Every structure is written in structure tokens, then in C-alpha cells.
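Below are the chains, spelled out letter by letter.
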Amino acid sequence: MSTPTIVWFRDDLRLADNAALTWATERGPVVGLYVHETVGRGIGRAAAWWLRHSLDALRESLPAPLIELAGDPREIVPRLARELGAAVTWNRRYHLTDIDAEVKEATGAVSHPGYLLTEPWDVRATPYRVFTPFFNAARSVLLDAPPTPLPVPHITPADIGPATVYAPAEPAWAASLAQHNTPGEGAAREQLKRFIAASADYDNNALDGVTSGLSPHLRFGEISPAEVWLAAVDAGAWAFARQLLWRDFAWHRYYHVPDMATKNVRRKFDRFDWEWTPNAVPGSTDAAFAHAEMDPGAQHMKELAAWQSGRTGIPLVDAGMRELWATGRMHNRVRMVSGSWLTKNLGIHWRHGEEWFWDTLVDADAASNAFNWQWVAGSGDDAAPYFRIFNPLTQAEKFDPHGSYVARWLPDTADYSEPMADVKQSRLRALVAYDDIKNG
Ligand SMILES: Cc1cc2nc3c(=O)[nH]c(=O)nc-3n(C[C@H](O)[C@H](O)[C@H](O)COP(=O)(O)OP(=O)(O)OC[C@H]3O[C@@H](n4cnc5c(N)ncnc54)[C@H](O)[C@@H]3O)c2cc1C
């Protein structure tokens, strides 16, 4: 039998339109590998839940062994390649690139595109920092040379005996996540089909509007963005297709600004007078927050805890935070409104919000989360201007006019708390804080 090829699965947990898998199949027998990486930022708990089930679905559909190991891929992948006498291939990711470079050097691995519609170095030599020109250029690239998704290949399994499986524990709220989510390639394709049938009604502003619900499927690569893009173009769903390019844009920016999850993109925000700057906390580092060392009695900690648990006294914010906890998802508009409340009205640093979303969103991804938090806070590329502070009361009137979203996630208004901050006063305070840095 010819030498096997290891397909190192990462954010591409699918068989269809998987360039690395197709490439490996054409060479001979295939063995799948997933590494639960212990280097870099650990995956959040809700996303880890999704990942577990997505890997189980992949294992069921992949007609080849799927080895799961935990550790440093720079050690694991070359070792396994040596043991099996195997070649290595993968689909590219746009972060942790130093790790991939080392593994490539050690194994001669071959990489392929497929996580994004466009490569970060392809749309323009000088990367765009503003979305609209990026969108126009990327759309032209995609319309001039439409992507051509690959079919599911005919896979020959490598004969390696029983595959190792590593199964991390489920988070405490997994039962509730399971009620609202179905991970896996089959579910992703079903979801796309359902959405395309309703895509004429796409509206990502109204809180009861139709959206695709595809973000966690795209996050874990259970369906390729190329397949989703072509379905959208076919259906004439342009407003939706435009959102897909926000995803590419966030990843392109993250590729060029890899410390986006910890540092203000617009450095004048380093001087902003946040109530609580993460690296001002004794013992904390950029990589990890030392929550245990903080004073739980401090006002800003109480405020953060109230925001996390949906008890700020602002109905739209609290409904959103409860939706997040119950489902691992949150409507995009409510993400913006609750993020604005935390960073602007409560004056708490955006990294605390980013960290919470990282842990509780099933679609949490390194680029989209950091990019959007900095967008909300005003400190990012093409960000909402700082003085654009969402008023959560008028936002609710406009986008949830019958109150059905709030009623769904916040039915228990009897013991409902008073707002922790006055909407108007806290807005004015935020604007004064911004005045201090705006001309720097
Ligand atoms: C503070 C904040 C944090 C966020 N964190 C994440 C995150 O960790 N992961 C994530 O996938 N999205 C994130 N988003 C973007 C957006 O809220 C979700 O992608 C969207 O709500 C998912 O629902 P949907 O699949 O029904 O979206 P649809 O409206 O159907 O959009 C289709 C797809 O386009 C992409 N998309 C849409 N809006 C955005 C956007 N603003 N930025 C990047 N991609 C976008 C997603 O892949 C989405 O599935 C965040 C937004 C905010 C304001």
C-alpha cells in the first residue's frame, strides 16, 4: 500500500469542498488528525461543546481513522508523521501561523485554502482597512472567478489500528446548548437549505427577522464559505452575501493585526480612561486574566457579573445575555447593543466582554470576536465612531417593537432589577472620557 497522508483537521470539519482531504485522497490512504491544542489561547467552553459534537459527526462520516490528541502540534504532528511514515496536509488558518510554519518545516506539509472566500493577501496588495471598498473589490474577485467547490472524495482509509480519542468534559450548561444547536456537516447543509428557501426575508436588524444561523457551522468549517456564497448568489441574497464578506474582512484584518484580541487597533485608545483595564489588574497578563486576584466587591466587578448574567436592569441587554447563556448564540444587533452598554455606558474595557463572548458563544472565533468587539468599542478598524453609543431603549423600540424578543428571554420581570446606570447620564460620562483622547 502507498504511504498514508495525515489530514490535520482544524477549522474544516467536513468532507465536501475540503481541498486538503481531496489532495490526500488523490495520493493514497488517509488518516485524519485533530489536535486539541494546549498552546495559544484555549477554546471557550461553549465552542468546545460544539467542537466535541462536530468531531463526533466527522468521525461518523469520515471513512478513515480520526485520531484525536491533546498537546502541542509542533511536537505531535511531526511525531505522528514519523511513526506512520506519512505525508501531512491541511487547510490553512489565518492565525497561529508561526506554529503552522514550524510544523511545515518539520514535515514538508502542503497547505490549501478554503476557510475564507478570499485569501488575506489576494484582494489587494495593500490590505483594506475599511469594509466598503474591501467588499466591492472582494465581490468583483468572486464574481470574475467564482469559487468551484470540490465534491466529497472517495477516501481510502489508512490501516493504523484503533484511533485514539480525547474527549474533554462538557460545560455545565451543555444540556441547554444541545436544545438549541446541532453541530456537524449534515446539520450545516440542512440549515443552509432551510435558510436559502427563506432568504428573500433575510433581515439581520429586526430581532425576529430571518438570518442564516450558520455562524458556528462556518466557524468550525462544517460547510465551506464557497458553498454558502454560491447558494446566496444563486438565490440573489445579496444582503446576506455581504455579511459573509464581513467574515472575510475580520479575518483579513486579524491576519495583518494578530494581537487584535488583546491590543487596541487604534492606539490612542490605550489612553482611554476605562473603569477597568485588564492589564492594570495585578498579576494579570495579556494572555490570561487573573480573575481570582480581583476584588469581587469592586463596583466594576459587580457590574461585569450583572452584565454576564443578564441582570443590568436594561431589558434588551439582559434578554441578549440570557439568550447567549441559554443557546450559545446571540442576535447580531443585540451583540452590538450589549457590547456598547458594557464598554460605553458602564465604561468597562472591551476585553472583558470579548473574553465572556469567547467563553460562551458557540460561534466564537478569534477574528470575528476580537474585530467586532473593537468595532463596538470604537477602538478598531472601520469601527463605529466612538460617539455612536447605542441607546438600548430606543434600539428595543425600533427592532423589537412588539417586545417579543425581550419577552422570550426575560419572562420574569416581576423581580426585575433597576437599571445599574442611567442611560443618558452614562452616555454623557462616556463622551467626556472620549473627549480626553479624541485629539491624540
Ligand atoms: C461584539 C460582537 C462579537 C461577535 N463575535 C462573533 C464571533 O465570535 N463569531 C462570529 O462568527 N461572529 C461574531 N459576531 C458577528 C455576528 O454577530 C454573527 O456572525 C452573527 O450574529 C451570526 O448569526 P447568523 O449566522 O445568523 O448571521 P447572518 O446574518 O446569517 O450572516 C451570515 C454569516 O456572515 C458572517 N457574519 C455576519 N456578520 C458578521 C460580522 N459582523 N463579523 C463577522 N462575520 C459576520 C457570519 O459567518 C454569519 O454566519 C460578533 C458580533 C459582535 C457585535
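Scoring rules and cut-offs
- Residues numbered from 1 in each chain as written.
- Predicted model: local features only at pLDDT ≥ 70, side-chain atom pairs only at ≥ 80, totals over all residues.
- Heavy atoms only, no water.
- UniProt positions renumbered as here; feature names shortened; annotations may be inferred.
- Helix = DSSP H or I, 4+ residues; strand = E, 2+ residues; numbered from the N terminus.
- Rg over C-alpha atoms; globule rule 2.2 N^0.38 Å.
- Contact = heavy atoms within 4.5 Å.
- Areas by Shrake-Rupley, 256 points an atom, 1.4 Å probe, with all protein chains shown as cover.
- Lys, Arg positive; Asp, Glu negative; His and termini not counted.
- Charge placed at Lys NZ, Arg CZ, Asp CG, Glu CD.
- Salt bridge = Lys/Arg side-chain N within 4 Å of Asp/Glu carboxyl O.
- Buried < 20%, exposed > 50% of the residue type's maximum accessible area, 1.4 Å probe, protein only.
- Near = heavy atom within 4 Å.
- Polar contact = N/O pair within 3.5 Å; in protein donor to acceptor, adjacent residues only side chain to side chain.
- Nonpolar A, V, L, I, M, F, W, Y, C, P; charged D, E, K, R; others polar.
- Domains from an automatic or database assignment.
- Buried area = accessible area lost by both parts, 1.4 Å probe.
- Pairing = 2+ DSSP bridges.
- Axes fitted to C-alpha atoms, helices over the stretch in contact; angles between N-to-C directions.
- Phe/Tyr/Trp six-rings, centres within 6.5 Å; stacked < 30°, edge-to-face > 60°.
- Lys NZ or Arg CZ within 6 Å of the ring centre and 35° of its normal.

If you look the protein up in an unreviewed UniProt entry, it shows as FAD binding domain of DNA photolyase from Corynebacterium lipophiloflavum. Per UniProt, the protein has the following entry under Sequence similarities (unreviewed entry): "Belongs to the DNA photolyase family."

Attention now moves to the overall build of the protein. The secondary structure content of the protein amounts to 18 helices and five strands. The C-alpha radius of gyration of the protein comes to 22 Å, within 12% of the 22 Å expected for a compact globule of 440 residues. Relative to all contacts within the protein whose residues are 6 or more apart in sequence, the contacts with residues 24 or more apart total 78%. With the model as given, the accessible surface of the protein reaches about 18800 Å², and the carbon-plus-sulfur share is 53%. Charge centroids of the protein, computed over 43 positive and 54 negative side chains, lie 4 Å from each other.

Quick look at the pattern of salt bridges now. One pass over the structure, following the stated rule, counts 22 salt bridges. A salt bridge links Asp359 to Arg45; the nearest nitrogen and oxygen atoms lie 2.4 Å apart. Of this pair, Asp359 sits in helix H14 (residues 350-360) while Arg45 sits in helix H2 (residues 45-61), placing them 314 residues apart in sequence. Across the salt bridge formed by Glu190 and Lys193, the nearest N and O atoms sit 3.4 Å from each other. Of this pair, Glu190 and Lys193 both sit in helix H7 (residues 185-198), three residues apart, roughly one helical turn. Since its relative accessible area comes to 38%, Glu190 is described here as partly exposed. Where salt bridges share partners, they join Arg10, Glu37, Arg93 and Asp100 into one cluster.

In this section: the site of the ligand. Taken together, 26 residues lie around the ligand, and Tyr202, Thr211, Ser212, Gly213 and Asn332 are the ones closest in. Contact distances for the ligand include 2.5 Å between an oxygen atom and a side-chain N or O atom of Tyr202. Taking Ser212, its side chain carries an N or O atom lying 2.6 Å from an oxygen atom of the ligand. When the ligand is considered free in solution it has 820 Å² of accessible area, and contact with the protein chains removes 96% of it. Elements supplying a minimum of two residues to the shell around the ligand: helix H8 (215-219), helix H10 (238-256), helix H13 (332-345) and helix H15 (366-377). Examining the composition of the shell around the ligand, we find that five residues originate from one element, H10, more than from any other. A breakdown of the residues in the shell around the ligand according to their chemical character gives twelve nonpolar, ten polar and four charged.

Time to look at the side chain of Glu323. With respect to the secondary-structure elements, Glu323 resides in helix H12 (residues 315-327). Buried within the structure, Glu323 lacks any salt-bridge partner; Arg408 is the closest side chain of opposite charge, at an N-O distance of 5.7 Å. There is a polar contact of 3.4 Å between the side chain of Glu323 and the backbone nitrogen of His331. Setting aside its immediate chain neighbours within four residues, Glu323 contacts Gly328, Arg329, Met330, His331, Tyr405 and Trp409.

By domain assignment, the protein separates into domain 1 (5-113) and domain 2 (267-439). Inter-centroid distance (C-alpha atoms) of domain 1 to domain 2 is 35 Å. Every contact between the two is made by ten residues of domain 1 and, on the other side, nine residues of domain 2. Note on domain 1 versus domain 2: buried area summed over both sides is about 820 Å², and carbon and sulfur give 48% of it. Inspection of the region where domain 1 meets domain 2 yields three salt bridges. Notably, a salt bridge pairs Glu354 with Arg41, separated by 2.7 Å at the nearest N-O pair.

Attention shifts here to the sheet that holds strand E3 (residues 66-71). If you walk across this open sheet you meet the five strands as E3-E2-E1-E4-E5, and the pairing is parallel. Two strands close off the open sheet at either side, each with one partner strand: E3 and strand E5 (110-112). Across the sheet, the mean angle separating the axes of adjacent strands is 25° when strand polarity is ignored. Relative to strand E2 (residues 30-37), strand E1 (residues 5-9) runs parallel, the two being bridged by five bridges.

What follows deals with the packing of aromatic side chains. Applying the stated criterion to the full structure yields 31 aromatic pairs. Ring centres of Phe269 and Phe272 lie 6.0 Å apart, and the angle between their planes is 25°; on these two criteria the pair is classed as stacked. Residue Phe269 is classed as buried on the basis of its relative accessible area, which comes to 1%. A residue is classified by how much of its surface remains accessible, and Phe272, at 6% relative accessible area, is buried. Taken together, Tyr128, Phe131, Phe134, Phe135, Trp246, Phe249 and Phe371 form an aromatic cluster joined through their ring pairs. Directly above the aromatic system of Tyr128 lies the positively charged group of Arg124, at a separation of 3.9 Å from the ring centroid. Note that Arg242 overlies the ring of Phe135, its terminal NZ or CZ placed 4.8 Å from the centroid.

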